[in-house]
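Residue-level listing of the chains:
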Amino acid sequence: MRTVGLLGGMSAESTTYYYQAMNRLVRERLGGLHSIQLLMWSVDFAPIAQMQAQGDWNRAGEVLAQAAQRLERAGAEAIMIGANTMHLVAGQVQAALGVPLLHICDATADAVKAAGCSRPLLLATRFTMEKPFYRERLQARGVAASIPDEADRERLHAIIYDELCQGVISPSSKAEVLAMIARAGDADSVIFGCTEIGLLLSPEDVAAPVIDTALVHAEAGVNFALG
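Keep in mind the model is a prediction, meaning the values are calculated, not measured.

A. Expanded view of the overall build of the chain. Within the chain one finds eleven helices and six strands. By principal-axis analysis of the C-alpha atoms, the chain measures approximately 45 × 40 × 35 Å. Pairs at least 24 apart in sequence give 74% of the contacts found in the chain among residues at least 6 apart. Accessible area of the chain: about 9600 Å², with a carbon and sulfur share of 49%. Distance between charge centroids for the chain: 4 Å, based on 18 positive and 25 negative side chains.

B. Region of interest: the nonpolar core. In terms of nonpolar packing, the biggest core is built from 80 residues, with L7, M10, L64, I79 and M86 touching the most fellow members. If you tally residues by element for this core, the top one is helix α3 (residues 57-74), at seven residues. With near-sequence residues (within four places) excluded, M10 lies in contact with T15, V43, F45, I48, L64, I81, G82, A83, M86, T195 and E196.

C. View of α3. End to end, α3 covers 26 Å across 18 residues, agreeing with the expected 26 Å (1.5 Å per residue, within 8%). Taken residue by residue, α3 has W57, A60, G61, V63, L64, A65, A67, A68 and L71 as its buried positions. If you follow the buried residues of α3, they end up packed against β1 (4-8), β2 (38-42), α2 (45-54), β3 (78-81), α4 (90-95) and α6 (126-130).

D. Representation of the pattern of salt bridges. Inspection of every chain in the model, using the stated rule, returns 14 salt bridges. Residue R155 is joined to E163 by a salt bridge in which the shortest nitrogen-to-oxygen separation is 3.6 Å. Residues D205 and K174 are paired through a salt bridge, measuring 3.3 Å at the closest nitrogen-oxygen approach. Remark: K174 occurs in helix α9 (residues 171-182) and D205 occurs in the loop between α10 (197-200) and β6 (210-212); sequence separation between them is 31 residues. Judged by relative accessible area, D205 falls into the partly exposed class, the value being 30%.

E. Looking closely at the state of the cysteines. Under the definition given, this model contains zero disulfides. C117 carries a free sulfur, and the closest cysteine sulfur to it, the one in C105, is 17 Å from it.

F. Empty space enclosed by the protein, seen in detail. Overall, the coordinates contain one cavity of 30 Å³ or more when judged by the stated rule. For the largest cavity, the calculated volume is near 100 Å³. Lining the largest cavity are 15 residues, and of these M10, T85, T125, C194 and E196 lie nearest its centre. The residue makeup of the lining of the largest cavity, split by class, is seven nonpolar, seven polar and one charged.

G. Structural detail: the pairing of β3. Going residue by residue along β3, you find A78 and M80 tucked away on one face and I79 and I81 tucked away on the opposite face as well. Sheet topology note: the β1/β3 ladder contains four bridges and is parallel. What sits directly across from L6, in β3, is M80.

Cut-offs and rules
- Residues numbered from 1 in each chain as written.
- Predicted model: local features only at pLDDT ≥ 70, side-chain atom pairs only at ≥ 80, totals over all residues.
- Heavy atoms only, no water.
- Helix = DSSP H or I, 4+ residues; strand = E, 2+ residues; numbered from the N terminus.
- Contact = heavy atoms within 4.5 Å.
- Areas by Shrake-Rupley, 256 points an atom, 1.4 Å probe, with all protein chains shown as cover.
- Lys, Arg positive; Asp, Glu negative; His and termini not counted.
- Charge placed at Lys NZ, Arg CZ, Asp CG, Glu CD.
- Core = buried A, V, L, I, M, F, W, Y, C linked by side-chain atoms within 4.5 Å.
- Buried < 20%, exposed > 50% of the residue type's maximum accessible area, 1.4 Å probe, protein only.
- Expected span 1.5 Å × (residues − 1).
- Salt bridge = Lys/Arg side-chain N within 4 Å of Asp/Glu carboxyl O.
- Disulfide = S-S within 2.5 Å.
- 1 Å grid on protein atoms, 1.4 Å probe; cavity = no way out; pocket = protein on both sides within 12 Å on 5 of 7 lines; lining within 4 Å.
- Points joined across faces, edges and corners; volume = space filled by probe spheres on them.
- Nonpolar A, V, L, I, M, F, W, Y, C, P; charged D, E, K, R; others polar.
- Pairing = 2+ DSSP bridges.

Encoded structure:
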């Protein structure tokens, strides 16, 4: 088994979700007591979130690049950033490494296409929904994502940071997000494009096919580990 390095803590809630998913997948494939061979660097998210809010993406990228280099020196043979938004600095992180970065957008696009879809609704932080880095990478792989309207984007962003990242799961917020999906127009699928959304909603809550980015990214990490 190859060793995977996970940049976590963004948030700690979804990092736990990643760890559980990766271990479950390895156990399902290999059986018995097998589990993922993983190195993790968990950042303090508060300073990162402040850099995001201030638009200081270069500094945030430096923090993650340094953490990724530590994982590589410790023996990681590939790196994963356990957060969609922080893939805005994926290029900066990859440039600092001698091992591959397993990009969450690539795993997501492949999963959308595997579901027979091409026009997903992207639910995520405002950074991920509004900045071009994410949708352009999906588009390059044949996936044309749409996003909710501005009021819904603002509300969803608040739910993610003020609730989900802090371990708060609210039935009323779940109802709000399901209403956003219902207003989605001609989307043929839904991307849980923040790694915490799978803590609030399950695929069974949504009529359309769902791509949970945390789960498909975790699977990409396991695929690499098992070669």
